[in-house]
Amino acid sequence: QVQLVESGGGLVQAGGSLRLSCTTSGRTFSSYYMGWFRQAPGKEREFVAAITRSGGMTDYADSVKGRFTISRDNAKNTVYLQMNSLKPEDSAVYYCAGGLAVFGTRRSSTNYNYWGQGSQVTVSS
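Everything numeric in this text was worked out from a predicted model, so none of it was measured.

A.B. asks: I'd like a rundown of the state of the cysteines, residues and numbers included.
C.D. replies: Considering all chains together, one arrives at 1 disulfide under this definition. Note on cysteine connectivity: Cys-22 is disulfide-linked to Cys-96, with sulfurs 2.0 Å apart. Across the disulfide from Cys-22 to Cys-96, rotation about the S-S bond amounts to roughly 50 degrees, and the bridge is consequently right-handed. With a gap of 74 residues between them, Cys-22 in strand 3 (residues 18–25) and Cys-96 in strand 9 (residues 92–99) connect regions that are remote in the sequence. Of the two residues, Cys-22 and Cys-96, neither departs from the other in class, the shared state being buried.

A.B. asks: Please give an account of the pairing of strand 9 that cites residues and values.
C.D. replies: Regular strands place side chains that alternate from one sheet face to the opposite one. Taking burial as the measure, the 8 residues of strand 9 include 7 buried ones, the bulk of the element. Note that strand 4 (residues 33–39) and strand 9 share 7 bridges and pair antiparallel. Each residue of the ladder has a partner; that of Phe-37, found in strand 9, is Tyr-95. As paired strands, strand 9 and strand 11 (residues 119–124) are joined by 3 bridges and run antiparallel to one another. Its bridge partner being in strand 11, Val-93 is matched across the sheet by Gln-120. Pairing of strand 9 with strand 10 (residues 114–115), which is carried by 2 bridges, proceeds in the antiparallel orientation. Within strand 10, the position partnered with Ala-97 by the bridge is Trp-115.

Scoring rules and cut-offs
Residues numbered from 1 in each chain as written. Predicted model: local features only at pLDDT ≥ 70, side-chain atom pairs only at ≥ 80, totals over all residues. Heavy atoms only, no water. Disulfide = S-S within 2.5 Å. Helix = DSSP H or I, 4+ residues; strand = E, 2+ residues; numbered from the N terminus. Buried < 20%, exposed > 50% of the residue type's maximum accessible area, 1.4 Å probe, protein only. Pairing = 2+ DSSP bridges.

Bear in mind that shape data such as this cannot, by itself, settle questions of function.
Shown next as structure tokens:
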């Protein structure tokens, strides 16, 4: 059973930065591509960013492009989401997820096999 454990969320002022981490156990971390999603109250879960198994390719939602950076360290079984220039509209519960399908399906939450418990990010204005 694969477990994803997130850390790094919290409260930050607009314009500030946070870094989320997601560490896995169980199945080999490099076997799956990783993604970050977020869900604000009353809204659907939305794609934020994804990274290939090797870390050689990344993808971002337009709303975070240029502000967020996804990276991974396969030796540490960890994926990161560096969030800069945060805005109040970035406030949400952030989830990391691991997928075993092809990377081309990365933007759909249904194509991920494993999920973290979620980490709250709150950006004050």
